[in-house]
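Commentary on secondary and tertiary structure
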Number of protein chains: 2
Amino acid sequence: MNLIFIVLIVSILGLLFAAYQLYLILKEDDGDEIIQKISNSIKKGANAYLKRQYKGVGIFFGLMFVIFLFLSIFDYVSIFVPFSFIIGGFLSGLSGYIGMKVATNANGRTTAAAKKSLNGALNISFKSGAVIGIVVVSLGLFYIALGYLFLNCYYNYLPEGERVVEIASNILTFGIGASSMALFARVGGGIFTKAADVGADLVGKVEIGIPEDDPRNPAVIADNVGDNVGDVAGMGADLYESYVGSLVSSCALAVAAGLSVKGVAVPLLVAALGVVASIISTFFVRTKEDATQKNLLKALRRGVYISSIFVAVGAFFIVKTLLGTENIGIYFSILSGLLSGILIGFFTEYYTSDNYSPTKKLADMTKTGPATTIIGGLSLGMVSTAIPVIIVSISVLLSFNLSGGSNDFNLGLYGIAISAVGMLSTLGITLATDAYGPIADNAGGIAEMSNQDPEVRKRTDALDSLGNTTAATGKGFAIGSAALTALAFIAAYKDSIENMAKSGVYKFEFNLSILNPQVLIGLFIGGMITFLFSSKTMDAVGRAASKIVVEVRRQFKEIPGLMEGKAEPDYASCVDICTKSSQRELITIAVIAIATPIVVGLLLGPNGVAGLLAGSTVTGFSIAIMMSNSGGAWDNAKKYIESGVLGGKGSDCHKAAVVGDTVGDPFKDTTGPSINILIKLMSMVSIVFGALILAFGNL
Amino acid sequence: MNLIFIVLIVSILGLLFAAYQLYLILKEDDGDEIIQKISNSIKKGANAYLKRQYKGVGIFFGLMFVIFLFLSIFDYVSIFVPFSFIIGGFLSGLSGYIGMKVATNANGRTTAAAKKSLNGALNISFKSGAVIGIVVVSLGLFYIALGYLFLNCYYNYLPEGERVVEIASNILTFGIGASSMALFARVGGGIFTKAADVGADLVGKVEIGIPEDDPRNPAVIADNVGDNVGDVAGMGADLYESYVGSLVSSCALAVAAGLSVKGVAVPLLVAALGVVASIISTFFVRTKEDATQKNLLKALRRGVYISSIFVAVGAFFIVKTLLGTENIGIYFSILSGLLSGILIGFFTEYYTSDNYSPTKKLADMTKTGPATTIIGGLSLGMVSTAIPVIIVSISVLLSFNLSGGSNDFNLGLYGIAISAVGMLSTLGITLATDAYGPIADNAGGIAEMSNQDPEVRKRTDALDSLGNTTAATGKGFAIGSAALTALAFIAAYKDSIENMAKSGVYKFEFNLSILNPQVLIGLFIGGMITFLFSSKTMDAVGRAASKIVVEVRRQFKEIPGLMEGKAEPDYASCVDICTKSSQRELITIAVIAIATPIVVGLLLGPNGVAGLLAGSTVTGFSIAIMMSNSGGAWDNAKKYIESGVLGGKGSDCHKAAVVGDTVGDPFKDTTGPSINILIKLMSMVSIVFGALILAFGNL
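Here the residue index of a chain counts from 1 through its sequence in written order. Working convention: letters from A go to chains and numbers from 1 go to ligands, in the order in which they are written. This being a predicted model, a pLDDT of at least 70 is required before a residue's local features are given, and a value of 80 or more before pairs of side-chain atoms are given or counted; all residues contribute to the totals for chains, interfaces and linings. Side-chain measures here rest on the full set of heavy atoms in the structure, leaving out hydrogens and waters.

1. Observations regarding empty space enclosed by the protein
Residue and element names in this part refer to chain B. Whether a set of points on the 1 Å grid over the protein atoms alone is a cavity depends on a 1.4 Å probe fitting there but being unable to get out, while an open set qualifies as a pocket with protein on both sides within 12 Å along at least five of seven lines; lining residues are those with an atom within 4 Å of a point. Grid points are joined across faces, edges and corners, and a volume is the space filled by probe spheres set on the points. Across all of its chains, the model carries 12 cavities of 30 Å³ or more by this definition. Considering only enclosed or pocket space, the largest cavity measures out at about 300 Å³ in volume. Taken together, 19 residues line the largest cavity, and the ones lying closest to its centre are Arg-301, Val-304, Tyr-305, Gly-345 and Thr-473.

See the structure below:
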């Protein structure tokens, strides 16, 4: 119990630290009048978007609250579900909201700092990223710790053994609110940002021939708003959900593994250790005044490595003290997760950075036009799935066996779950290096629009391109941890159904053999559903983007003097279109994610649901990596050509690369990163609706 | 026993019928001198390719023969494996070879007939397709029937019960030769045909601006050769393998299902019935002299429907007579397979034909350029996976339960296997409608190159475009049957390992739960391997195509008067480059397909292998459908625009559509159709190397 208080305190300290950092950032120079004006437009647009999103989401959450309340009356879901749904969703949304607030306040300040020095700009943008990262993990930890304490009070009347069982089975449902919110934030933000980006490019760059971030382009503010609502708010909600998911699944599996309350405490303490490590390591992200790009990357990496070493050392003592030397294998499960995360990050960089041969070769393929560029990028993405799959496979095998899975199956499953916690333990700092990217990107846009000295834009560009690399790494990391967490969820799902079947009126025994037709069909549908989801998200971007195209064309035609820079475009209308259409598109996508496991469950029973979850995890993992890496490589191949290779900007090669980049946009920023949420949301829905499926899908 | 003789006789009759039909075709007018000259060039090129391919394949087969012989000495494989490997491979290759011979003799004759009438041209091209279809199924049936009779003699000393067990377990290994050959033929031919096609288009259409099939293009003969070696020889070997695979797997599962020799006879008799039905239905493919395009499609469809009805009625009596009314459910399994095939075909057409909205909408997306065209096509392909997956899922569920799987698990698995036989029973006629496409395509090319009257080209174009639709249908059909057969193979794999473990020194019990880490990792690797395989095959096309691009550019530069049509290009050099590079690229791809199950087996044991097979089937099914349908839709969207919509040929929309079509080429003709072979080859390798994996992978 005292240990959980430590976790709670760490999370509050984390929030205080973030608040103090934010205070320091806000004290910085927020730039001249034009910078402020543009920055305010972006702020206003992002606010408008989030307001509308939260309104839509509010309706959905209200509706679900009533449904859950209704179901809880008939005992189909636990009484905590409606409330944890609301609270979890609120905190996930809050993570995104705070992230967006920080980012929109930091972008103009970064531009202003870039007028003076590169390092000043790095300092502000990275510090802001750190605030976002620390807030996300602290809020997640706060929620779980508080939830634990609440359940502990609630079940006070039970003896400790039974109490932990109740806590473990209920804490699992704490993820569904976050998962739902993450889907809305990630997919909605993803559609917004890419619709604006693609729409702005298609008319601006391709039809009219004005450069990127040109203030005459009516979609340019929407594009910058998109960075904040997609890459910051969306990612914040997404990773909050991953973090919470990995924690609740390992807590839930701890009891089945026979580790009782100590097994619940370990993941929470490792996470708390990670928060502390992340905070400390932010101070190491410093560099000399005359730093090169390489130095900058090294500085960021140093932060990640230092916090990893902290966790690697500290976790040893946590496991040894709480679980004893006989369970020290669990420490190695944590370590294998931590290492896998770093390795996946490294290989993501290998495939998407123009420092390495894959992206260089892709750039070379632009010589034979857009078709070969597309084939090359798709092929690159597909081949890049191999190493992450092998890394995750080894990690699963190691964390299962090292934790003692060969003797006690449930201990092995706990090992897999806690390896995901290990991977995500340094999320605070990883997210910091990731969230800093869109801030730098925005700063660049503001520099361009406010007609700063080219030197300023060069500095922000250096930061932005660095951000591309860290963003790709962050995505690989999110997907890798999702695969491990999803596996833990399947195990937790089986556990929770078995517990219900044991105590309830509906008898059920699992037959999870892949030759059981129910499981087999579940696998097929799981594989297919990721394709369907991918298709729907890409379509949504396409439809929203085409609306932007129409609007931008209209403004250029109807506003006299716009092309000559004498009149101002109507930025707000583009923001509005993106906002509205992304919300509308969300509906079908959310229905697919939520209805599929219920329908499959009702038709094929709990075996079919387990198959569905496994199938979507297996196929989704590969698709998500492929999409993120294809997209990242196309983007960087284009940037590589823009750096002057193969004829540079405006050459035929560049045109082909732009086609690749445009195809890659929804790949890497909408569909790819949404798949991991799809997988986990389907798991959460399966768990929460488990009793319903057991009652009606088991006929 | 007498029943098997009937099967053997039917297969021989089928071959005789095909020979007679071929004789009739060869009697037809083979056109004027130019037609003959071009047709001969294509023939020569195709011969040169197959000669070289068979040389390379011969080395591989020789090597594998020695390895299998060696393994059989130590009892790791049965003594029949080396021989059935050679014979199966030979017959699969022969199917392809005969197909190619027929096609290259029919193409010029089709052009000549098109000078007179559309119907004459349909008659020749369809008759040739029918010859190919009937040869493929007859050879497959001949092989299995003969193999059965041979094994029956060999095990003559055993009592009937034991004899059938031995036959069933050995007949399973009869597929590996065909699978290996199919991989070479399909992938090698696929690389050849698309390298030539893409290479010819990139220089001819895009750089130099000469039309398709222009005789000045040095790659034009290679392009036409490619149609024969890829779409005819490759597809022949592929479907021969599917056919044999579905038959051997249901024979093997019959014994475990307790149906003994009668259970073995049913699939063979249904297949024989299908051959007869296909032959009869070819006579119904007739149409009036003034037929429209719609009439033509109806005529082709009539053939498929009539033979389906034949099988649907006849199979009832076969099942009832042999297995009795208590097993009549097995008939419904057959029926569900038959129906699923037709439904998958229909929905494939829906997604890829420009008669329906998906392809029309895709054509519309070319308005915003190549990037949206690509996104739209990928999205279309992805969404099109949903219905086939649902159809196959229902078919699995129905065939499992209707055959009695809820009472006897093995009976259910037999039901799944025999539903694949049902789906493929009408292969003779389906293949006829499919193989006729490339012949018509070639005929069009010859018409263009020999400067025929535009009316001739118009007639062959009508046939060609019809062929595109039937080709897409055929691919959906091949993939659907592959999914069912692959499931049967997994079941047969489990059976065969269990039999070995029962009798041998290596004890083993399966734990195929999806939560078993070995199975889980197998699933992940299986999913990933289809992505890796897709990447490698697309890369291979890209690399080979870029060599063609270099060669075509060189010829236009170095051969004076080529552009003006005064000099003749060196067609043979392009054919030669395609031949060489497709063979070289094959090596890595074959190694992936063959080594993966062995490596996974040695590292993760038989459970891991089963996971691998399930994972690759689940993911591969969706990817294959996506690729075939995306490719088909891009192709037809382009054709739709060329018909005069959206600005027609040469417009910006058309240019964007050409980019889509070029990306789609390797999708639909190389990678997509190869995946089903990958899945089945991995299954075959797992089964054949089962004992080795059991001995060394189970430590």
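2. Description of the UniProt feature "site: Determinant of potassium dependence" (unreviewed entry) in chain A
UniProt positions are given in the numbering used here, feature names are shortened, and annotations may be inferred rather than shown by experiment. UniProt annotation of "site: Determinant of potassium dependence" (unreviewed entry) refers to Ala471(A) when read in the numbering used here. Burial classification: accessible surface area is computed with a 1.4 Å probe over protein chains only, and a residue below 20% of its type maximum counts as buried, one above 50% as exposed, and the rest as partly exposed. A residue is classified by how much of its surface remains accessible, and Ala471(A), at 16% relative accessible area, is buried.

3. Considering the interface of chain B and chain A
The partner chain A presents 65 residues to the 65 residues of chain B that form the contact. Buried area: the accessible surface (1.4 Å probe) lost by two parts on joining, summed over both. Here chain B packs against chain A, burying approximately 5700 Å² in sum over the two surfaces, 86% of which is carbon and sulfur. Three residues, Leu515(B), Phe524(B) and Phe531(B), lead the burial of chain B against chain A; their summed loss comes to 14% of the area buried on that side. Any carboxyl oxygen of Asp or Glu that lies within 4 Å of a side-chain nitrogen of Lys or Arg is treated as forming a salt bridge with it. Scanning the region where chain B abuts chain A turns up 0 salt bridges. A 3.5 Å cut-off defines polar contacts: any pair of N or O atoms within that distance qualifies, except that in protein one atom must be a possible hydrogen donor and the other a possible acceptor, and neighbouring residues in sequence count only when both atoms are side-chain atoms. Scanning the region where chain B abuts chain A turns up 7 residue pairs in polar contact (both at pLDDT 80 or more). Only heavy atoms enter the contact rule, under which two residues are in contact if any of them lie within 4.5 Å.

4. Things to note about the relation of the copies chain B and chain A
Superposing chain B onto chain A takes a rotation of 180 degrees plus a shift of 0.0 Å along the axis, which leaves an RMSD of 0.0 Å. In the structure described here, the two chain copies are related by an operation that fits a two-fold rotation axis. When C-alpha distances to the rotation axis are compared across chain B, the minimum falls at Ser513(B), with a value of 2.1 Å. When you check the interface residues of chain B against chain A, 100% turn up at the interface there too, and the contact is symmetric in its surfaces. To superpose the copies, least squares is applied to the C-alpha atoms of every residue with a pLDDT of at least 70 in both.

5. Let's talk about the packing of aromatic side chains
Residues and elements named next belong to chain A. Here the aromatic set is Phe, Tyr and Trp, taking the six-membered ring for Trp, and pairing holds for ring centres within 6.5 Å; pairs whose planes are under 30 degrees apart are stacked, those over 60 apart are edge-to-face, and all others are tilted. Across all of its chains, the model carries 62 aromatic pairs over all chains by this definition. When the ring of Tyr-49 is compared with that of Phe-192, the centres are 5.0 Å apart and the planes differ by 75 degrees; the resulting orientation is edge-to-face. Of this pair, Tyr-49 sits in helix α2 (residues 33-73) while Phe-192 sits in helix α6 (residues 175-208), and the two are 143 residues apart along the sequence. Assessed through its relative accessible area of 0%, Phe-192 is described here as buried. Segments assigned H or I by DSSP are reported as helices when at least four residues long, segments assigned E as strands when at least two residues long, and all are numbered from the N terminus.

6. Overview of the side chain of Ser353(B)
Residues and elements named next belong to chain B. Mapped onto the elements, Ser-353 comes out in the loop between α10 (329-352) and α11 (357-365). Judged by its relative accessible area of 3%, Ser-353 falls in the buried class. Sequence-distant contacts of Ser-353, defined by excluding residues within four places in its chain, comprise Thr-359 and Asn-636.

7. As for the pattern of salt bridges
Scanning all chains against the criterion turns up 54 salt bridges over all chains. Residue Asp669(A) is joined to Lys194(A) by a salt bridge in which the shortest nitrogen-to-oxygen separation is 2.9 Å. Here Asp669(A) is found in helix α19 (residues 652-688), whereas its partner Lys194(A) is found in helix α6, with 475 residues between them in sequence. A relative accessible area of 7% means that Asp669(A) is categorised as buried. The residue Arg459(B) makes a salt bridge to Glu455(B) at a minimum N-O spacing of 3.9 Å. Of this pair, Arg459(B) and Glu455(B) both sit in helix α16 (residues 454-503), 4 residues apart, which is roughly one turn of the helix. Residue classification places Glu455(B) among the partly exposed positions, given a relative accessible area of 34%. Each of the salt bridges in this network shares a partner with another, and the network as a whole consists of Lys194(A), Asp197(A), Lys475(A), Asp635(A), Lys639(A), Asp665(A), Lys668(A) and Asp669(A).

8. Observations concerning the state of the cysteines
Pairs of cysteine sulfur atoms within 2.5 Å are what we label disulfides. Per the counting criterion, the structure on display carries 0 disulfides over all chains. Here Cys153(A) is not cross-linked by a disulfide; its sulfur's nearest cysteine counterpart is in Cys251(A), at 16 Å. The thiol of Cys574(B) is not disulfide-bonded; the next cysteine sulfur, from Cys578(B), is found 6.9 Å away. In this structure Cys574(B) comes out as buried when scored by relative accessible area, which is 0%.

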